[in-house]
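Notes for the structure review
Below, each chain spelled out in residue letters.
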Amino acid sequence: MKKFLLPLLFLFLFLLESMFAQYAPPEFFGRNYILAPHFLFGGILFLAIYAGRKYGIIYAAIFGLLFDIVWIEIIGIYFFLFPFITYLISKIMHILQTNIVVAFFVSIVGIALLELGVYEMNFLIHITTLEFMSFLKLRFYPTLILNAAFLIIAAYPLKRHFESFSEGLRDE
């Protein structure tokens, strides 16, 4: 039963992202900000930090491909960026001290890299015509604030779950 909890957690985060995107009001604070929830990716980064790089990259590849298949016209953007950024973040965490505050800030950096990578890819292949400064104001900063709020709420439960998952792997 325990081995099904991790995929179910990530499936729940995947569905939570889509529900948030669908039901969030289009206007926040009197402006039309674009809020992109990356709850799933934040969870994957916490998995890589607390349970190990191998599991983080595997889940990043699986859910990156799933994300591309379900939501994106071009298969490959998230399938490449999820594992790549997860790998970078796990390498950074080998240098830094692994505590929840550092994990929070490093995860925000990972989400920022994901947003910038997706924007640049979409800009290069002419899917978006949004200028970079407009992108920063309308999507990048609001997205980071939204995901930071989610990680503040979910960081401790995710940390505890992934640490117990990691301990369970060592016991087997």
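Residues numbered from 1 in each chain as written. Predicted model: local features only at pLDDT ≥ 70, side-chain atom pairs only at ≥ 80, totals over all residues. Heavy atoms only, no water.

1. Quick word on the overall build of the protein
The helix and strand tally for the protein stands at 6 helices and 0 strands. In the protein, the succession of helices and strands from N to C terminus is α-α-α-α-α-α. Its C-alpha atoms give the protein a radius of gyration of 16 Å, near enough to 16 Å, the size a compact globule of 172 residues would have. Seen through its C-alpha atoms, the protein measures out along the principal axes to roughly 50 × 35 × 30 Å. (Helix = DSSP H or I, 4+ residues; strand = E, 2+ residues; numbered from the N terminus. Rg over C-alpha atoms; globule rule 2.2 N^0.38 Å.)

2. What to know about the packing of helix H4 (residues 77-95) against helix H5 (residues 100-124)
Where H4 meets H5, the axes come as close as 10 Å, and the angle between the chain directions of the two elements is 150 degrees. Compared by their axis directions, H4 and H5 come out roughly antiparallel. By crossing handedness, the relation of H4 to H5 is classed as right-handed. Taking contact as the criterion, the partners of Ile77, Tyr78, Leu81, Phe82, Ile85, Ile89, Ile92 and Met93 in H4 are, on H5, Val102, Ala103, Val106, Gly110, Leu113, Leu114, Gly117, Val118, Met121 and Asn122. Residues of the contact of H4 with H5, tallied by class, amount to 15 nonpolar, 3 polar and no charged. (Axes fitted to C-alpha atoms, helices over the stretch in contact; angles between N-to-C directions. Parallel < 35°, antiparallel > 145°, perpendicular 65-115°, else oblique. Left-handed = near helix turned anticlockwise from the far one by under 90°. Contact = heavy atoms within 4.5 Å. Nonpolar A, V, L, I, M, F, W, Y, C, P; charged D, E, K, R; others polar.)

3. Remarks on the nonpolar core
Core analysis: the biggest nonpolar cluster contains 47 residues, and Phe10, Leu40, Phe46, Leu47, Phe82, Leu114 and Phe162 have the highest contact counts within it. At the level of elements, helix H1 (2-23), helix H2 (39-50), helix H3 (53-71), H4, H5 and helix H6 (132-171) are the ones that each hand at least two residues to this core. For Phe46, the residues in contact, after removing those within four places along its chain, are Ala51, Ala103, Phe104, Ser107, Leu151, Ala155, Leu158, Lys159 and Phe162. (Core = buried A, V, L, I, M, F, W, Y, C linked by side-chain atoms within 4.5 Å. Buried < 20%, exposed > 50% of the residue type's maximum accessible area, 1.4 Å probe, protein only.)

4. Considerations on the layout of surface pockets
Reported here for the largest pocket is a volume of approximately 690 Å³. In terms of lining residues, the largest pocket is bounded by 29 residues, among which Ala36, Phe67, Ile72, Tyr78 and Arg139 are the most central. Taken together, the residues of the lining of the largest pocket sort by class into 21 nonpolar, 4 polar and 4 charged. (1 Å grid on protein atoms, 1.4 Å probe; cavity = no way out; pocket = protein on both sides within 12 Å on 5 of 7 lines; lining within 4 Å. Points joined across faces, edges and corners; volume = space filled by probe spheres on them.)

5. Focus on the packing of H2 against H5
Where H2 meets H5, the closest approach of the two axes is 10 Å, and the angle between their N-to-C directions is 130 degrees. Between H2 and H5, the angle is such that the two are oblique. Helix-helix and strand crossings are classified by hand; for H2 and H5 the assignment is right-handed. Taking contact as the criterion, the partners of Phe41, Gly42, Leu45, Phe46, Ile49 and Tyr50 in H2 are, on H5, Ile100, Ala103, Phe104, Ser107, Gly110, Ile111 and Leu114. Tallied by class, the residues present in the contact of H2 with H5 amount to 10 nonpolar, 3 polar and no charged.

6. Overview of the environment of Phe104
By the secondary structure assignment, Phe104 is in helix H5. Phe104 sits in the buried class, given a relative accessible area of 14%. Each C-alpha atom of the pair Phe104 and Ala155 lies 7.1 Å from the other, and the pair is 51 residues apart in sequence. Each residue touching Phe104, except ones within four places of it in the same chain, is listed here: Phe46, Ala148, Leu151 and Ile152.

7. Re H5
The end-to-end C-alpha distance of H5 is 36 Å, a good match for the 36 Å that 25 residues give at a rise of 1.5 Å each. Its side-chain oxygen placed 3.1 Å from the backbone nitrogen of Val101, Asn99 serves as the N-cap of H5. Of the residues one or two after H5, His126 is the one with positive phi, at around 60 degrees. (Expected span 1.5 Å × (residues − 1). Polar contact = N/O pair within 3.5 Å; in protein donor to acceptor, adjacent residues only side chain to side chain.)

8. Thoughts on the environment of Ile89
Along the polypeptide, Ile89 turns up in helix H4. The class for Ile89 is buried, based on a relative accessible area of 1%.

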